[in-house]
Amino acid sequence: SAQNAILSGGLSWVDWYSDGIIEIDRRHAASVVRTAVSHTAAAARQGFYERNADIIKADKWVSTLDSRTSSGCRVRDGLQYRPVTHEPIGHKVPWAAGPGRLHWCCRSTSIAVTKSFRELGIDVEEMSPSTRATMDGQVPADMTYSQWLMKQSAARQDEVVGPTRGALMRSGGMKFDELYDSRGRYLSLDELRRRDAAAFERAGL
């Protein structure tokens, strides 16, 4: 019976309902909902940008500043793209599916970079810079994931990129952005060694 199968497998009825299979299903359902909400929000933003293309000059990728952010979202944080077409501005990292859609449970979003008051013909001073949230509190709004990570402890850096890449950044003189190629692909350790063997030597690796 189902009950015997549960008990023989080491799961009690309590386990089944709290920390077992049903709990896994709940987490899966929550992931589905988060992903669907992100997709819907992205579609709504796209429509807003299309209707206000005359005042919006860029679409800025915003990733979550914490240790769980994916490698693809980390490298895109702070990058700007042309509204609607999403062509990269000043870089070569593709928009791909976009924030909220880049991968399963993507938590990234985007914000509209509007033209300045003077670009709009309004002779007033710009608004004061704002802040953005991180796992440890507020930081300046223009701080990128790369800048945030470089200010973290060695333990947190290693948690995010692994101990070898962490050592390369701290002791090898390698910048966070150099962990990727020009199109935002996360490089393997072998590729990093071929690209900059001296950094491995400086880090004692």
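Refer to the structure printed above.
Rules behind the numbers
Residues numbered from 1 in each chain as written. Predicted model: local features only at pLDDT ≥ 70, side-chain atom pairs only at ≥ 80, totals over all residues. Heavy atoms only, no water. Helix = DSSP H or I, 4+ residues; strand = E, 2+ residues; numbered from the N terminus. Buried < 20%, exposed > 50% of the residue type's maximum accessible area, 1.4 Å probe, protein only. Contact = heavy atoms within 4.5 Å. Areas by Shrake-Rupley, 256 points an atom, 1.4 Å probe, with all protein chains shown as cover. Core = buried A, V, L, I, M, F, W, Y, C linked by side-chain atoms within 4.5 Å. Phe/Tyr/Trp six-rings, centres within 6.5 Å; stacked < 30°, edge-to-face > 60°. Lys NZ or Arg CZ within 6 Å of the ring centre and 35° of its normal.

**What about the overall build of the protein chain?**
Piece 1. Scanning the protein chain from terminus to terminus reveals nine helices and five strands.
Piece 2. What you see in the protein chain, going N to C, is helices and strands ordered as α-α-α-β-α-β-β-β-β-α-α-α-α-α.
Piece 3. The burial tally for the protein chain puts 35% of its 205 residues in the buried class.
Piece 4. Of the contacts made within the protein chain by residues no fewer than 6 positions apart, 53% connect residues no fewer than 24 positions apart.
Piece 5. Split by element, the accessible area of the protein chain, about 11,900 Å² in all, is 55% carbon and sulfur.

**Topic: the nonpolar core**
Piece 1. Counting 21 residues, the largest nonpolar core has Tyr145, Leu149, Val161, Leu168, Phe176, Leu179 and Leu192 as its most contacted members.
Piece 2. Residue assignment for this core shows that the elements contributing at least two residues are helix H5 (145–150), helix H6 (154–161), helix H7 (163–170) and helix H9 (197–202).
Piece 3. Sequence-distant contacts of Val161, defined by excluding residues within four places in its chain, comprise Arg74, Leu149, Gly166, Met169, Phe176, Leu179 and Tyr186.
Piece 4. Formed by seven residues, the second largest nonpolar core is a distinct cluster that contains Trp61, Cys73, Tyr81 and Cys106.

**Quick word on the packing of aromatic side chains**
Piece 1. The final tally for this structure, using the stated rule, is seven aromatic pairs.
Piece 2. For the ring pair Tyr145 and Phe176, a centre distance of 6.2 Å and an interplane angle of 40° mean the geometry is tilted. Of this pair, Tyr145 sits in helix H5 while Phe176 sits in the loop between H7 and helix H8 (189–195), and the two are 31 residues apart along the sequence.
Piece 3. Geometrically, the ring pair formed by Tyr180 and Tyr186 is tilted, given 5.0 Å between the ring centres and 45° between the ring planes.
Piece 4. Every member of this aromatic cluster is reached through a ring pair, and the members are Tyr145, Trp148, Phe176, Tyr180 and Tyr186.
Piece 5. The positively charged end of Arg74 is found above the aromatic ring belonging to Tyr186, 5.5 Å away from the centroid.

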